Amino acid sequence: MKKLYTLFLLICPFILIAQTNVGLTGTVDGVYINEFHYDNAGSDTGEFIEVAGPAGTDLSVYTITLYNQSGIDYDTVTLTGTIDDEGSGVGSIHISFPSNGIQNGGNDGFALSSSGTTDIQFLSYEGTTTASGGAANGLTSVDVGVEQSAPYSPSIEYDETTMGWGLSDTATPGDFAQGAILSTKENQIDGFDLYPNPTSEAFVNISSDSRAPMKVSVYDILGKQVIERSITNNRLNISNLNTGVYILRAQQDNAFTTRKLVIN
Ligand SMILES: [Ca+2]
Ligand SMILES: [Ca+2]
Ligand SMILES: [Ca+2]
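Residues numbered from 1 in each chain as written. Chains lettered and ligands numbered in written order. Predicted model: local features only at pLDDT ≥ 70, side-chain atom pairs only at ≥ 80, totals over all residues. Heavy atoms only, no water.

Caption draft 1: Representation of the overall build of the protein chain. A count of helical and extended segments in the protein chain gives 1 helix and 19 strands. With the C-alpha coordinates aligned to their principal axes, the bounding extent of the protein chain is approximately 80 × 45 × 35 Å. In the protein chain, the share of contacts with a sequence separation of at least 24, taken over all contacts with a separation of at least 6, comes to 54%. With 11 positive and 30 negative side-chain charges, the protein chain shows a spacing of 13 Å between the two charge centroids. (Helix = DSSP H or I, 4+ residues; strand = E, 2+ residues; numbered from the N terminus. Contact = heavy atoms within 4.5 Å. Lys, Arg positive; Asp, Glu negative; His and termini not counted. Charge placed at Lys NZ, Arg CZ, Asp CG, Glu CD.)

Caption draft 2: Summary view of unusual backbone geometry. Look at the link from G105 to G106: it is a cis peptide, with omega at 10°. At the junction of A150 and P151, the peptide bond is cis and its omega measures out at 5° in the coordinates. With respect to the helices and strands, P151 occurs in the loop between β9 (142-143) and β10 (155-159). With a phi angle near 65°, N107 is a residue other than glycine that sits in the positive phi range.

Caption draft 3: Geometry of the nonpolar core. Ranked by size, the top nonpolar core spans 30 residues in total, and within it F36, I64, L79 and L112 carry the most contacts. Elements supplying a minimum of two residues to this core: β2 (32-37), β3 (47-54), β4 (62-67), β6 (90-97), β7 (108-114), β8 (119-125), β10 and β11 (164-168). If near-sequence neighbours (up to four positions away) are discounted, I64 is found in contact with I49, V51, D75, T76, V77, L79, I95, F110, A111 and L112. Residues V218, I231, Y246 and A250 belong to the second largest nonpolar core, which totals 19 residues. (Core = buried A, V, L, I, M, F, W, Y, C linked by side-chain atoms within 4.5 Å. Buried < 20%, exposed > 50% of the residue type's maximum accessible area, 1.4 Å probe, protein only.)

Caption draft 4: A look at the coordination of the calcium ion (ligand 1). Taken together, Y38 (O), D44 (OD), E47 (OE), N100 (OD1), I102 (O) and N104 (OD1) make up the full set of protein donors to the calcium ion (ligand 1), lying 2.2 to 2.5 Å away. For the calcium ion (ligand 1), the 6 donor atoms in the first shell make angles of 72 to 167° at the metal, a pattern classed as irregular. Read in sequence order, the donor residues for the calcium ion (ligand 1) give the motif Y-x5-D-x2-E-x52-N-x1-I-x1-N. Taken together, the residues E47 in strand β3 and N104 in the loop between β6 and β7 connect sequence positions 57 residues apart. N104 sits in the partly exposed class, given a relative accessible area of 24%. (Donors = N, O, S within 2.8 Å, 3.2 Å for Na, K, Ca; no water. Tetrahedral: all angles 85-135°; square planar, octahedral: opposite > 155°, others 65-115°.)

Caption draft 5: Spotlight on the pattern of salt bridges. The full count for this structure, using the stated rule, is 1 salt bridge. Salt-bridge contacts for E228 lead to K215; the nearest nitrogen and oxygen are separated by 3.2 Å. With a gap of 13 residues between them, E228 in strand β16 (residues 225-231) and K215 in strand β15 (residues 214-219) connect regions that are remote in the sequence. The exposure class assigned to E228 is partly exposed, which follows from its relative accessible area of 47%. (Salt bridge = Lys/Arg side-chain N within 4 Å of Asp/Glu carboxyl O.)

Now the structure itself:
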């Protein structure tokens with residue numbers, strides 16, 4: 001009997017640390033990541049992560065661990081205080097980060113964990129990452145599916161009504177009330193191709209599997225729109241652009257594709 005008991009004690013810690021990622025729509029004992037902002041055009045500013053949950057929840061058992069694309073935990077924040085009541089018994093709090101306190105991606109993320117449960121919410125943006133170390137050790141993140149890239153939405157928000165993640169038109173750090181969701185996880189344009197790229201020509205060719213008109217926007221590295229045009233002949237004139245790196249975003253039917261365009 002003593003042997004069995006000893007065995008149980010040996011196994012016990014391993015049982016306790018087995019964790020479950022609740023993913024995009026789950027909660028960690030009722031609390032979940034609700035909104036975040038990690039990247040801007042130019043210098044990053046106003047970076048934050050917001051969590052929401054039932055009013056009165058003691059947050060002192062909760063931790064947010066930030067992970068880079070290699071799965072290394074590069075920052076840890078222990079939460080404090082309680083969630084306020086912003087109406088209907090729910091509320092939110094946010095943690096502010098200094099400029100680029102949240103890495104810009106791709107494949108960066110963060111985990112919300114609690115000492116009171118093995119459930120953990122491990123999310124990422126612009127790809128997934130597998131944690132080696134920290135609260136989410138061994139788990140692979142779930143990508144929210146939208147990203148802060150040109151034209152840089154104010155925040156990324158969990159929409160409780162549709163149970164989906166999307167780009168929001170207003171950042172509301174610490175307020176449960178959210179901005180309008182501009183777009184959710186995007187359909188990609190089938191067969192999209194952009195060539196030559198890099199280019200030193202006065203045009204680029206853009207093709208896809210569809211013959212529908214395509215709307216093309218080009219942004220400079222600061223997020224300023226420099227071209228907006230509908231094309232029907234697969235050719236985009238870029239003779240007005242200087243050499244440099246641009247973001248090209250195309251829309252066709254209800255699908256979008258974003259690509260880096262390099263002009264030499
Ligand atoms: Ca950042
Ligand atoms: Ca929300
Ligand atoms: Ca908010």
